[in-house]
Structures are given as C-alpha cells and as structure tokens.
Amino acid sequence: MCNDTDAEGVVSEAELARLSDLFRRFEGADNPLSVSCREAEAEFNSTIEKIYSEKVVPAFESITLARFRSYTRNICRLRISRQDPPFPCV
C-alpha cells in the first residue's frame, strides 16, 4: 500500500478524517487511562480492522493488518500536524 500507486483511495477522505479525529483523541490525550481515551482507541482499532477486512484484503493480500494499522497511524499523525499546532507524537 505504501509504495503501490494503485492503492490510492482505499480509505475514503471521510474515513481518514474520522480516523484522524479518533487518533488525536487517544494519542494526544492528557489522561491515557480515561474512559474517553480508551473508547477512542477501541473505535479507531475496530474501524481499522473493518476497513482492512472489507477494502484492503480483497485488493492487496500481501498487506498485513499490522502494516496497514501502522501506515494509517502515520498518515493520521501527518494530517494532524498539518492542521494544528505541533502534535505531541510527531
């Protein structure tokens, strides 16, 4: 996915915006043990798994869930860092 230009558009803009919002809520949380932080992380992970099983696996069998999750997290970090003041994890 990272180097394959055919992979463009697998994750829609709306999905990426939602994932970025969830990522910001748990990765940049003041209290990583809070209920809202854990809920955001759980929703992020379940959304990643759903997109992976529905869109990525059928088109790109060689991409693992771990690789897809890692790549998506990096994209979320980059998006957040462009939108707001420096994100703590960049």
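Residues numbered from 1 in each chain as written. Predicted model: local features only at pLDDT ≥ 70, side-chain atom pairs only at ≥ 80, totals over all residues. Heavy atoms only, no water.

Asker: What am I meant to see in the overall build of the protein chain here?
Answerer: In terms of helices and strands, the protein chain carries 3 helices and 0 strands. Moving toward the C terminus, one meets the helices and strands of the protein chain in the order α-α-α. Surface accessibility of the protein chain: about 5600 Å² in total, with carbon and sulfur atoms responsible for 51%. (Helix = DSSP H or I, 4+ residues; strand = E, 2+ residues; numbered from the N terminus. Areas by Shrake-Rupley, 256 points an atom, 1.4 Å probe, with all protein chains shown as cover.)

Asker: Any chance you could explain the environment of serine 81 here in plain terms?
Answerer: Relative to the helices and strands, serine 81 is located in helix α3 (residues 65–83). The exposure class of serine 81 is partly exposed, given its relative accessible area of 26%. A distance of 2.9 Å separates the side chain of serine 81 from the backbone oxygen of leucine 78, its partner in a polar contact. (Buried < 20%, exposed > 50% of the residue type's maximum accessible area, 1.4 Å probe, protein only. Polar contact = N/O pair within 3.5 Å; in protein donor to acceptor, adjacent residues only side chain to side chain.)

That's the geometry; what it means functionally is another story.
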